[in-house]
Amino acid sequence: MGLNANPTSSTPKQLAAANGLALVRLIIGAMFVSVFFENLGKGLYTPGGYASLINYYIKASHSPAAWKAVMGLAANHAAMAAPMQAMTEISLGILLVIGLVTRPAAFVAFLLLGSLWISEYGTSWIWELLVPVVASLGLAIGRAGRRWGVDAWLSQRWPSSPWW
């Protein structure tokens, strides 16, 4: 059951929940935009910067060995992986902030943040990424773009679409 973007057919509780989800969506989106510019400034989207960070996680984290092998593959192909991660992070940030194709964007954010959480496991506070991971899943489930987003307009035109 999705939250309706039409205030005349929603209850006050539904509107409050939709507003809460929209607020979380804006915060997660802003986090992605902020992290993009922070990582860009640190040179982490260059092949050398990206490989160095990933190799640090391989050495210092408590990730499973299979996941460390995946990280090693990414580090070995940093010339391709670094710009892909940069584009993914800025794209997710923009899509979530404007509320466009929110459900798929939030689900991809859930997967990306989950993979980062596994990669960083044991190198930082366990809740640092776990909260945004779960929040992103909630955004996908709760159709968070249907308030304060482009998806609200799109859902009026195509209300049964699973994309918003």
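Cut-offs and rules
- Residues numbered from 1 in each chain as written.
- Predicted model: local features only at pLDDT ≥ 70, side-chain atom pairs only at ≥ 80, totals over all residues.
- Heavy atoms only, no water.
- Phe/Tyr/Trp six-rings, centres within 6.5 Å; stacked < 30°, edge-to-face > 60°.
- pLDDT = per-residue confidence, 0-100.
- Contact = heavy atoms within 4.5 Å.
- Core = buried A, V, L, I, M, F, W, Y, C linked by side-chain atoms within 4.5 Å.
- Buried < 20%, exposed > 50% of the residue type's maximum accessible area, 1.4 Å probe, protein only.
- Helix = DSSP H or I, 4+ residues; strand = E, 2+ residues; numbered from the N terminus.
- Axes fitted to C-alpha atoms, helices over the stretch in contact; angles between N-to-C directions.
- Parallel < 35°, antiparallel > 145°, perpendicular 65-115°, else oblique.
- Left-handed = near helix turned anticlockwise from the far one by under 90°.
- Nonpolar A, V, L, I, M, F, W, Y, C, P; charged D, E, K, R; others polar.

Engineer: Mind laying out the packing of aromatic side chains, listing which residues take part and the relevant values?
Structural biologist: Under the definition given, this model contains 6 aromatic pairs. Each residue in the set Phe36, Phe37 and Tyr45 is aromatic and connected to the rest through ring pairs, giving one cluster.

Engineer: Could you give me a rundown of the confidence of the model for the chain, with the residues and numbers involved?
Structural biologist: Chain-level pLDDT for the chain is 92 on average; 95% of the residues reach the 70-or-more range. Counting contacts from residues 1-5, a segment whose pLDDT is below 50, to residues more than four positions away or on other chains yields 14 contacts.

Engineer: Requested: an account of the nonpolar core, with residues and values cited.
Structural biologist: Counting residues in hydrophobic clusters, the biggest one holds 15 residues, and the most contacted among them are Phe32, Leu92, Leu96 and Leu113. Going through the elements one at a time, helix 1 (12-42), helix 4 (78-98), helix 5 (102-120) and helix 6 (127-142) are the ones with two or more residues in this core. No other element matches the 6 residues that helix 5 contributes to this core. In contact with Phe32, not counting residues within four places along its chain, are Glu89, Leu92, Gly93, Leu96, Ala109, Leu112 and Leu113. One finds Tyr50, Tyr57, Met71 and Ala75 within the second-largest nonpolar core, a separate group that totals 10 residues.

Engineer: Tell me about the environment of Met71, residues and numbers included.
Structural biologist: Tracing the backbone through its elements, the reader meets Met71 in helix 3 (residues 65-76). A relative accessible area of 4% places Met71 in the buried class. Placed 20 residues apart in sequence, Met71 and Ala51 show a C-alpha to C-alpha distance of 9.3 Å.

Engineer: Quick rundown of the packing of helix 1 against helix 5? Include the residues and the values.
Structural biologist: Between helix 1 and helix 5, whose axes approach to 12 Å, the crossing angle comes to 55°. Taken together, the axes of helix 1 and helix 5 are oblique relative to one another. In this structure, the crossing between helix 1 and helix 5 has a hand that is left-handed. Mapping the contact onto sequence places Arg25, Met31 and Phe32 in helix 1 and Thr102, Ala109, Leu112 and Leu113 in helix 5. Taken together, the residues that form the contact of helix 1 with helix 5 break down as 5 nonpolar, 1 polar and 1 charged.

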